[in-house]
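Structural overview for review
Residue strings, one per chain:
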Amino acid sequence: MWARGDQVVFRYRNHERITAAIPMMVVEDSPSLVALFVPAETPLKRRVLLDGSPWPRAIPYEEQTALPWRMGDGVMHEHSILQLTRPGAAHSIWLMWRGGDWSFRRWYINLQTPLRRTPVGFDTRDQVLDMVVLPDLSWHWKDEDEFAAAQRIGRFTPEEAAAIRAEGETAIAAVKQRAWPFDASWNEWRPDPAWPVPTLPEGWDLD
Ligand code: MG
């Protein structure tokens, strides 16, 4: 288990290849919750094209998946994010605040495989489909088009896709009941002001 204030590396993998590595501060690591925080503007590693240009998310998903790529430098952009993940759960619930003024923007339900511990932090596989939950608890699916394309190219079998969507529907039940953390119990949380901007350690890409 990690201690509050430790820095860890949170990584996304696709077919075992690391596709993003984000340094995060440990807020809580207990049998019931893994809470990790990444402030806006944090430098990270993510996929880029071979010439270093940013990932072209606007082009069709099938074309994106055929592109050769390497890991390159990126940043977290405008949001500070707190990720709340129950050990064993196939989704994570994020709180997103605007970096400049800590105004609460939304919850984000990221469908992902259960966290796997590594020597440097945690790994997961993103399941493409997501949900956005606004402060008034209205919600919508996100990236359904990419999720459909991911099924067409065989990234998910029909059974896997059904399980991913069912996981999302389970999470939405908590929204409808205004249950944790949609009861806003974390909305006023703030990081320790003494914490640094987390950085990736040597060996961030090792197993
Ligand atoms: Mg996602």
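First, a word on what this report is: a plain description of the structure on this page. (Residues numbered from 1 in each chain as written. Predicted model: local features only at pLDDT ≥ 70, side-chain atom pairs only at ≥ 80, totals over all residues. Heavy atoms only, no water.)

Bringing the coordination of the magnesium ion into the picture now. Note on metal sites: the ideal angle is 109.5 degrees for four tetrahedral donors, and 90 or 180 degrees for six octahedral donors. For the magnesium ion, the full set of protein donor atoms is N110 (OD1), D126 (OD) and D130 (OD), at a range of 2.2 to 2.4 Å. All donors of the magnesium ion come from a single chain, and their spacing in sequence reads N-x15-D-x3-D. (Donors = N, O, S within 2.8 Å, 3.2 Å for Na, K, Ca; no water.)

Turning to the pairing of strand β12 (residues 139-142), a few remarks are in order. Looking along a regular strand, one sees the side chains alternate between the two faces of the sheet. In terms of strand pairing, strand β11 (residues 126-133) meets β12 through 4 bridges, oriented antiparallel. Looking at the pairing, V133 lines up with W139 of β12. Between β11 and β12, which pair antiparallel in sequence order, lie 5 residues; one of them, L137, sits at a positive phi of approximately 70°. (Pairing = 2+ DSSP bridges. Helix = DSSP H or I, 4+ residues; strand = E, 2+ residues; numbered from the N terminus.)

Looking now at the layout of surface pockets. Of the volumes computed, that of the largest pocket is approximately 1,500 Å³. A20, R46, R47, R57 and D126 are the residues nearest the centre of the largest pocket, which is lined by 47 residues in total. The residue makeup of the lining of the largest pocket, split by class, is 20 nonpolar, 13 polar and 14 charged. (1 Å grid on protein atoms, 1.4 Å probe; cavity = no way out; pocket = protein on both sides within 12 Å on 5 of 7 lines; lining within 4 Å. Points joined across faces, edges and corners; volume = space filled by probe spheres on them. Nonpolar A, V, L, I, M, F, W, Y, C, P; charged D, E, K, R; others polar.)

Turning to its location among the elements, D130 is positioned in strand β11. Summary of buried charges: D130 has no salt-bridge partner, and the nearest side chain of opposite charge, K142, is 4.5 Å away. At a separation of 3.1 Å, a polar atom in the side chain of D130 contacts the side chain of Y108. (Buried < 20%, exposed > 50% of the residue type's maximum accessible area, 1.4 Å probe, protein only. Lys, Arg positive; Asp, Glu negative; His and termini not counted. Salt bridge = Lys/Arg side-chain N within 4 Å of Asp/Glu carboxyl O. Polar contact = N/O pair within 3.5 Å; in protein donor to acceptor, adjacent residues only side chain to side chain.)

To continue, consider the pattern of salt bridges. Applying the stated criterion across every chain yields a total of 14 salt bridges. The residue R152 makes a salt bridge to E62 at a minimum N-O spacing of 2.9 Å. Of this pair, R152 sits in helix α2 (residues 144-152) while E62 sits in helix α1 (residues 61-65), placing them 90 residues apart in sequence. In this structure R152 comes out as exposed when scored by relative accessible area, which is 58%. Here R165 ties to E144 by a salt bridge, and the two come within 3.0 Å at their closest N and O atoms. One end of the pair, R165, is in helix α3 (residues 158-176); the other, E144, is in helix α2, and 21 residues separate them in sequence. Among the residues examined, R165 registers a relative accessible area of 27% and is labelled partly exposed.

Just geometry here; none of it tells us what the structure is for.
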